[in-house]
Amino acid sequence: MCGLLVSSCGFGGGPDRSSAPAAARTSDIACAEEGKLAASGSTAQQNAMSHWIRKYRSACPGVQIRYVPIGSGGGVAQFLRGATVFGGTDTALSQEEFRFSEDVCNGGTAIDLPMVAGPIAIGYNLDGVKDLVLDAPTLAKIFDSEITKWNDPQIQRLNPGLQLPATDITAVHRSDDSGTTQNFNAYLSEAAPDEWPYAKKKAWQAKGGHSAPGSDGIVSTMRGTDGSIGYFELSFAEAEGMSTVRLDTGAPEPVAVSVGTASAGIAAGKVTGTGKDMTLEFDYRTDAPGAYPIVLVTYEIVCATGNNPDLLPALKSFLGYTAGEEGQNELAAIHYAPLPDELAARVRQVVSTLS
């Protein structure tokens, strides 16, 4: 079984997925006749979900879908209250959340289905600086307010050829509970354990800095703030034309963030979920050449059994499309990483068994 061994299975497999998206060809979406799907959660998949909903609604006008990007914590909470038919989260459900899901899944339980993969970019807005290199310990000190000036010797050491200004650093983090934050916490705690004492939680715990809701809120705050730095999904950086950090991981060369380098980082991951649950685990300390280590996968949380029978056909149809070849092929063009072929096939198989 390939699991997440992207290097051996092929990142998404087959033709180069960075070419034009599949939208140019005739859609092969298997439509449901009707249904109203309410969903909410991760802002990491916000741009992917917006694209998928537009494409699906164009092919399947009888189905209405609304996805509200309120963050992973909110998405999980709303799903567990029965307010949504599926939720988006950048971190798998906890054991306690699995138990809570029995109430909304009518005696069954929820499962995590990986759907959107990609890197977490470290973006910065620093006048006159276009090629910044940082490493995990330095990032940890920046986001914990231990390094407060851009010309700090620890940053200068990593950038010997740059003229760094004495500008104050404005580190921007999420104000809402966020799977993106949890994955960033996980990276810092594993790659810089001496500098980052905080738990791998969705809530921000480090001292100081500025906060903003959602990835789009971080980008908006940074846009008008010289000296700012923040973390968000690559699609947000690309949409804004924002400069991003290259990471010194211990590899021969610092690694730039991209769909391709994220695929190499995801290659170290494995499926750790049991039964139909497809929770993944990553190696944030990889120093493989060209492997970008700050990666995440957004899961759709759904009931394996106990779904509303009136909404089940539309739910299976929509998730079958997003996990399908057409839906996954379209991701690279909007700066996400398609799931490896075998993983996507396993997700589709599980979707087909939802009841």
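Definitions and limits used
- Residues numbered from 1 in each chain as written.
- Predicted model: local features only at pLDDT ≥ 70, side-chain atom pairs only at ≥ 80, totals over all residues.
- Heavy atoms only, no water.
- 1 Å grid on protein atoms, 1.4 Å probe; cavity = no way out; pocket = protein on both sides within 12 Å on 5 of 7 lines; lining within 4 Å.
- Points joined across faces, edges and corners; volume = space filled by probe spheres on them.
- Helix = DSSP H or I, 4+ residues; strand = E, 2+ residues; numbered from the N terminus.
- Nonpolar A, V, L, I, M, F, W, Y, C, P; charged D, E, K, R; others polar.
- Buried < 20%, exposed > 50% of the residue type's maximum accessible area, 1.4 Å probe, protein only.
- Disulfide = S-S within 2.5 Å.
- Salt bridge = Lys/Arg side-chain N within 4 Å of Asp/Glu carboxyl O.

1. Some details on the layout of surface pockets
Then, in step 1: In this model, the largest pocket occupies a volume close to 470 Å³.
Then, in step 2: Forming the boundary of the largest pocket are 21 residues, of which Thr91, Ala92, Gln182, Leu280 and Tyr284 lie nearest the centre.
Then, in step 3: Considering every element that reaches the lining of the largest pocket, the biggest residue donor is helix H7 (residues 179–191), with 4 residues.
Then, in step 4: Residues belonging to the lining of the largest pocket are distributed by class as follows: 9 nonpolar, 6 polar and 6 charged.

2. Description of unusual backbone geometry
Then, in step 1: Its identity is not glycine, yet Asn106 carries a phi of approximately 50 degrees, on the positive side.
Then, in step 2: Residue placement: Asn106 occurs in the loop between helix H4 (95–104) and strand S4 (110–125).
Then, in step 3: For Asn106, a relative accessible area of 62% puts it in the exposed group.
Then, in step 4: One non-glycine residue, His335, lies in positive phi territory at about 70 degrees.
Then, in step 5: Structurally, His335 can be placed in the loop between helix H12 (325–329) and helix H13 (341–352).

3. Quick notes on empty space enclosed by the protein
Over the atoms, a rolling probe the size of a water molecule traces out where space has been left empty.
Then, in step 1: Overall, the coordinates contain 2 cavities of 30 Å³ or more when judged by the stated rule.
Then, in step 2: Put simply, the largest cavity is a space of about 70 Å³.
Then, in step 3: Around the largest cavity, the lining residues are Ala44, Val116, Ala117, Gly118, Pro119, Glu233, Leu234, Ser235, Leu296, Thr298, His335 and Tyr336.
Then, in step 4: For the lining of the largest cavity, the residue count by class is 7 nonpolar, 4 polar and 1 charged.

4. Examining the state of the cysteines
Then, in step 1: Under the criterion given, the structure shown has 2 disulfides.
Then, in step 2: Across the disulfide, Cys31 is cross-linked to Cys60 (sulfur-sulfur distance 1.9 Å). Across the disulfide from Cys31 to Cys60, rotation about the S-S bond amounts to roughly -75 degrees, and the bridge is consequently left-handed. One end of the pair, Cys31, is in the loop between helix H1 (6–9) and strand S1 (35–41); the other, Cys60, is in the loop between helix H2 (46–59) and strand S2 (63–68), with 29 residues separating them in the sequence.
Then, in step 3: Overall, the relative accessible area of 38% leaves Cys31 in the partly exposed class.

5. Section: the pattern of salt bridges
Then, in step 1: Summed over all chains, the structure comprises 10 salt bridges.
Then, in step 2: A network of salt bridges, in which partner residues are shared, links Lys55, Glu326 and Glu330.

The values reported here are purely geometric and, on their own, carry no functional implication.
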